[in-house]
Amino acid sequence: MSANASTPGWLTGLDRMTEGLGRCVSWLVVIMMLVEFTIVMLRYAFNINSIPMQESVMYMHAAVFLLAASYTLKHDGHVRVDIFYQRMSHRGKSWVDLGGTLFLLFPVMTFILLSSLGYVGDSWGINEASPESGGLPGVYLLKTLIPAIAILMMLQGVAEAGRHLLFLMGRLPSPHASDDTPDHDEELV
């Protein structure tokens, strides 16, 4: 199969956005580790406790988990429990990935987005803050990450679906080219 290696601009743009966000968010892991170290040192060395610092670790952890999910999808890092997938041809894998994106990822992310809007809107409406005395004031910002994950995952899902569809149409090389499985086009599982 001759595939044109020219990737469409919209696909490159979505991938760059996801890649950039993932790399930025990864720095929160380092910051989170330093803040957690500081919390432990303050508590055990000086008997000082800081609720805002403890809550900031929770905020950063949520941000890493929710904002980096699309980066993980882009790099095929999500858990896959499929004993048949690993033996499929590149075309078979692309059909499975395309179907999974269209019939699993998009419906679940649409549900998360729509069901979270009222919850997040209510939180913004009251400028929800921490219930802890002296806690962080921006709980509504933390809750905003819920619809954000849905939007980011759907955007990366568009890129993934487009990549697999273009491969199946013969316009891009296989997204699974780095796999160690041979590409047997006759195995269209």
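Reading the values: rules and limits
- Residues numbered from 1 in each chain as written.
- Predicted model: local features only at pLDDT ≥ 70, side-chain atom pairs only at ≥ 80, totals over all residues.
- Heavy atoms only, no water.
- Helix = DSSP H or I, 4+ residues; strand = E, 2+ residues; numbered from the N terminus.
- Rg over C-alpha atoms; globule rule 2.2 N^0.38 Å.
- Buried < 20%, exposed > 50% of the residue type's maximum accessible area, 1.4 Å probe, protein only.
- Contact = heavy atoms within 4.5 Å.
- Areas by Shrake-Rupley, 256 points an atom, 1.4 Å probe, with all protein chains shown as cover.
- Lys, Arg positive; Asp, Glu negative; His and termini not counted.
- Charge placed at Lys NZ, Arg CZ, Asp CG, Glu CD.
- pLDDT = per-residue confidence, 0-100.
- Phe/Tyr/Trp six-rings, centres within 6.5 Å; stacked < 30°, edge-to-face > 60°.
- Patch = residues over 30% accessible without salt bridge, like charges linked within 9 Å, V, L, I, M, F, W, Y side chains within 5 Å.
- Salt bridge = Lys/Arg side-chain N within 4 Å of Asp/Glu carboxyl O.
- Polar contact = N/O pair within 3.5 Å; in protein donor to acceptor, adjacent residues only side chain to side chain.
- Core = buried A, V, L, I, M, F, W, Y, C linked by side-chain atoms within 4.5 Å.

## Focus on the overall build of the protein chain
Okay, step 1: Along the backbone of the protein chain there are 5 helices and 0 strands.
Okay, step 2: When the elements of the protein chain are put in sequence order from the N terminus, they spell out α-α-α-α-α.
Okay, step 3: Against the compact-globule benchmark of 16 Å for 189 residues, the protein chain has a radius of gyration of 21 Å, which places it well outside the compact range.
Okay, step 4: Over its C-alpha atoms, taken along the principal directions, the protein chain stretches across nearly 65 × 40 × 30 Å.
Okay, step 5: Counting only residues that meet the buried cut, the protein chain has 38% of its 189 residues in that class.
Okay, step 6: Intrachain contacts of the protein chain at a sequence separation of at least 6 include 77% that bridge at least 24 residues.
Okay, step 7: Surface exposure of the protein chain reaches about 11300 Å², of which carbon and sulfur atoms provide 67%.
Okay, step 8: For the protein chain, the separation between the mean place of its 11 positive charges and that of its 17 negative charges on side chains is 4 Å.

## Some points on the confidence of the model for the protein chain
Okay, step 1: Looking at the protein chain, pLDDT values average 90 and 92% of them are 70 or higher.
Okay, step 2: Segment residues 185-189: pLDDT under 50, and 11 contacts once partners within four positions in sequence are set aside and those in other chains are kept.

## Considerations on the packing of aromatic side chains
By convention here, two paired aromatic rings are described through the distance between centres and the angle between planes.
Okay, step 1: Considering all chains together, one arrives at 1 aromatic pair under this definition.
Okay, step 2: Taken together, a centroid distance of 4.6 Å and an interplanar angle of 65° make the contact between tryptophan 124 and tyrosine 140 edge-to-face. On the criterion of sequence distance, the pair formed by tryptophan 124 in helix H4 (residues 90-125) and tyrosine 140 in helix H5 (residues 139-168) is long-range, its members being 16 residues apart.
Okay, step 3: Under the relative-accessibility criterion, tyrosine 140 is labelled buried at 18%.

## Re a nonpolar patch on the surface
Okay, step 1: A cluster of nonpolar side chains, contributed by Trp27, Val30, Met33 and Leu34, occupies part of the molecular surface with about 440 Å² of accessible area.
Okay, step 2: Inspection of the secondary structure assignment puts valine 30 in helix H1 (residues 9-46).

## Overview of the side chain of serine 89
Okay, step 1: Positionally, serine 89 belongs in the loop between helix H3 (69-74) and H4.
Okay, step 2: Within polar-contact distance, the side chain of serine 89 engages the backbone nitrogen of glycine 92 at 3.0 Å.

## Notes on the nonpolar core
Okay, step 1: Core analysis: the biggest nonpolar cluster contains 21 residues, and Leu67, Met109, Leu145 and Met153 have the highest contact counts within it.
Okay, step 2: Elements with a contribution of two residues or more to this core: helix H2 (51-67), H4 and H5.
Okay, step 3: Ignoring anything within four residues of it in the chain, the contact list for leucine 145 reads Ala62, Ala63, Leu66 and Leu67.

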